[in-house]
Amino acid sequence: MAEEKKRSRVTTAVIRDMKRRGEKIAALTAYDYPTARLLDQSGIDVLLVGDSLGMVVLGYASTLPVTMEEMIHPTKAVCRGVERAMVIADMPFMAYQVSADSALLNAGRFLKETDAQAIKLEGGREWAEVIRRMTSAGIPVMGHLGLTPQSVQQFGGFKVQGRGDEAARRIFEDARIVQEAGAFCVVLEAVPAALAGEITGTLGIPTIGIGAGVGCDGQILVTNDMLGAFERFTPRFVKQYATLSVPMREAFAQYSREVKSGVFPGKEHSF
Ligand code: KIV
């Protein structure tokens, strides 16, 4: 019975309930089937197929080049690896900015073509109508405020947002607007901890922080960052729980040496 309860699916209602009960929400990103399985088995509540995939998997300099097609395939793979966690798919740059109609169609693709339960989009008041249309159509929406990486060119780099009264007030208002538009939760990225704590205390929907302090209802990190598997750049807010790039590189180098020297394959690997 306890096991059955543990594996029951995380839904938008479960996420809302967790906030009500004061239970923290553990979220990480996922881009492939085997990692999704491990994350799910480890009790992670929410798997975000983030457009961070563009940087940490596809090697782009930013998330801007990522396309819908590049998001759909990994989202399908992640969904195949999950029994319990909620899977949320990230709307890539230009998948929702062009028109409310194309935004709705693209968000709908994630629910029709994959088993994702919700989508995420970046930005506040400017997308309220889009969020309203998606939620009216039955598509749960996760908001994303603060440092929204798709606006990196406008911000002039990956910088903390919401510093100063005016900037903080704007993020606070945006959080309320996104909630009123129907979002079921909101990511707060790289905003001062005090501001994130205030927003969390005011909103009825959960906040998921990344570089936003301990006061949020949940936390998310890019999995490749927390595993130490992405070496190009590590934001200050990342805690590295492993340094996987080191044993991976050692294993690859040993394999290379053994192939070249004839040590591998041994008799036990041959027929
Ligand atoms: O794309 C992503 O992975 C994200 C998270 C870091 C919130 O947006």
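Residues numbered from 1 in each chain as written. Predicted model: local features only at pLDDT ≥ 70, side-chain atom pairs only at ≥ 80, totals over all residues. Heavy atoms only, no water.

**Structural notes on helix 9 (residues 165-181)**
Turning to step 1, where the next piece is worked out: Here helix 9 is 17 residues long and its end C-alpha atoms lie 24 Å apart, about the 24 Å a rise of 1.5 Å per residue gives.
Turning to step 2, where the next piece is worked out: Burial in helix 9 covers these residues: A168, I171, F172, D174, A175, V178 and A181.
Turning to step 3, where the next piece is worked out: Where helix 9 ends, the next residue or the one after it, G182, has phi of about 120 degrees, a positive value. (Helix = DSSP H or I, 4+ residues; strand = E, 2+ residues; numbered from the N terminus. Expected span 1.5 Å × (residues − 1). Buried < 20%, exposed > 50% of the residue type's maximum accessible area, 1.4 Å probe, protein only.)

**A word on the domain arrangement of the protein**
Size of an interface: often given as the accessible area lost when the parts come together.
Turning to step 1, where the next piece is worked out: The domain boundaries assigned to the protein delineate domain 1 (2-240) and domain 2 (244-271).
Turning to step 2, where the next piece is worked out: Once you take the C-alpha centre of each, domain 1 and domain 2 turn out to be 38 Å apart. (Domains from an automatic or database assignment.)

**Some words on the pattern of salt bridges**
A side chain of one charge can pair with a side chain of the opposite charge when the charged atoms of the two come close.
Turning to step 1, where the next piece is worked out: For the coordinates displayed, the defined rule picks out 15 salt bridges.
Turning to step 2, where the next piece is worked out: Between K120 and D90 there is a salt bridge; the shortest N-O distance is 2.9 Å. Separated by 30 residues along the polypeptide, K120 in strand 4 (residues 118-120) and D90 in strand 3 (residues 86-90) bring together distant segments of the chain. Assigned by exposure class, K120 and D90 land together as buried.
Turning to step 3, where the next piece is worked out: Here the salt bridges do not stand alone but share partners, grouping R125, E166, R169, E173 and D174 into one network. (Salt bridge = Lys/Arg side-chain N within 4 Å of Asp/Glu carboxyl O.)

**So, the site of the ligand**
Turning to step 1, where the next piece is worked out: Taken together, the residues surrounding the ligand are T29, L48, G50, D51, S52, D90, K120, H144, V187, I210 and V222.
Turning to step 2, where the next piece is worked out: Residue S52 places a side-chain N or O atom 2.5 Å away from an oxygen atom belonging to the ligand.
Turning to step 3, where the next piece is worked out: Here D90 contributes a side-chain N or O atom positioned 3.2 Å from an oxygen atom of the ligand.
Turning to step 4, where the next piece is worked out: Here the ligand, which alone exposes 260 Å², has 96% of that area covered by the protein.
Turning to step 5, where the next piece is worked out: A molecule is said to occupy a pocket when more than half its atoms come within 2 Å of that pocket's grid points, and by this definition the ligand occupies the largest pocket.
Turning to step 6, where the next piece is worked out: Broken down by class, the residue content of the shell around the ligand amounts to four nonpolar, four polar and three charged. (Near = heavy atom within 4 Å. Polar contact = N/O pair within 3.5 Å; in protein donor to acceptor, adjacent residues only side chain to side chain. Areas by Shrake-Rupley, 256 points an atom, 1.4 Å probe, with all protein chains shown as cover. 1 Å grid on protein atoms, 1.4 Å probe; cavity = no way out; pocket = protein on both sides within 12 Å on 5 of 7 lines; lining within 4 Å. Sits in = over half its atoms within 2 Å of the grid points. Nonpolar A, V, L, I, M, F, W, Y, C, P; charged D, E, K, R; others polar.)

**Points about the sheet that holds strand 8 (residues 218-221)**
Turning to step 1, where the next piece is worked out: Taken together, the eight strands give a closed barrel; going around it, the order is 1-2-3-4-5-6-7-8, and neighbouring strands pair in parallel fashion. When the angles between neighbouring strand axes are averaged without regard to direction, this sheet yields 25 degrees.
Turning to step 2, where the next piece is worked out: Both strand 1 (residues 25-29) and strand 2 (residues 46-49) contribute to a ladder of three bridges, which runs parallel. Opposite A27, over in strand 2, you have V46 as the bridge partner. (Pairing = 2+ DSSP bridges. Axes fitted to C-alpha atoms, helices over the stretch in contact; angles between N-to-C directions.)

**Some remarks on the state of the cysteines**
Turning to step 1, where the next piece is worked out: Enumeration over the complete set of coordinates arrives at zero disulfides.
Turning to step 2, where the next piece is worked out: This cysteine, C185, is not joined by any disulfide, and C216 carries the nearest cysteine sulfur, 11 Å off.
Turning to step 3, where the next piece is worked out: According to the relative accessible area criterion, C216 is buried, its value standing at 1%. (Disulfide = S-S within 2.5 Å.)

**Considering the environment of R163**
Turning to step 1, where the next piece is worked out: Relative to the elements of secondary structure, R163 occurs in the loop between helix 8 (152-155) and helix 9.
Turning to step 2, where the next piece is worked out: Each C-alpha atom of the pair R163 and M55 lies 26 Å from the other, and the pair is 108 residues apart in sequence.

**Brief notes about the layout of surface pockets**
The gaps left among the atoms become clear once a water-sized probe is rolled over them.
Turning to step 1, where the next piece is worked out: When its volume is computed, the largest pocket comes out at roughly 750 Å³.
Turning to step 2, where the next piece is worked out: When residues of the lining of the largest pocket are traced back to their parent elements, those giving at least two are helix 4 (53-56) and strand 6 (185-189).
Turning to step 3, where the next piece is worked out: For the lining of the largest pocket, the residue count by class is 20 nonpolar, seven polar and nine charged.
Turning to step 4, where the next piece is worked out: Here the second largest pocket defines a volume of roughly 450 Å³.
Turning to step 5, where the next piece is worked out: Along the walls of the second largest pocket sit 21 residues, with G123, E126, T148, S151 and F155 positioned nearest its centre.
Turning to step 6, where the next piece is worked out: Of all the secondary structure elements, the ones that give two or more residues to the lining of the second largest pocket are strand 5 (141-146), helix 8 and helix 9.
Turning to step 7, where the next piece is worked out: Top element by residues in the lining of the second largest pocket is helix 9. It accounts for four residues. (Points joined across faces, edges and corners; volume = space filled by probe spheres on them.)

**So, the environment of M142**
Turning to step 1, where the next piece is worked out: Position of M142 relative to the elements: it lies in strand 5.
Turning to step 2, where the next piece is worked out: Classification of M142 as buried rests on a relative accessible area of 2%.
Turning to step 3, where the next piece is worked out: In sequence terms M142 and A27 are 115 residues apart; their C-alpha atoms lie 13 Å from each other.
Turning to step 4, where the next piece is worked out: Once you skip the residues sitting within four places of it in the chain, M142 turns out to touch I88, I119, K120, L121, F184, C185, V187 and I208. (Contact = heavy atoms within 4.5 Å.)

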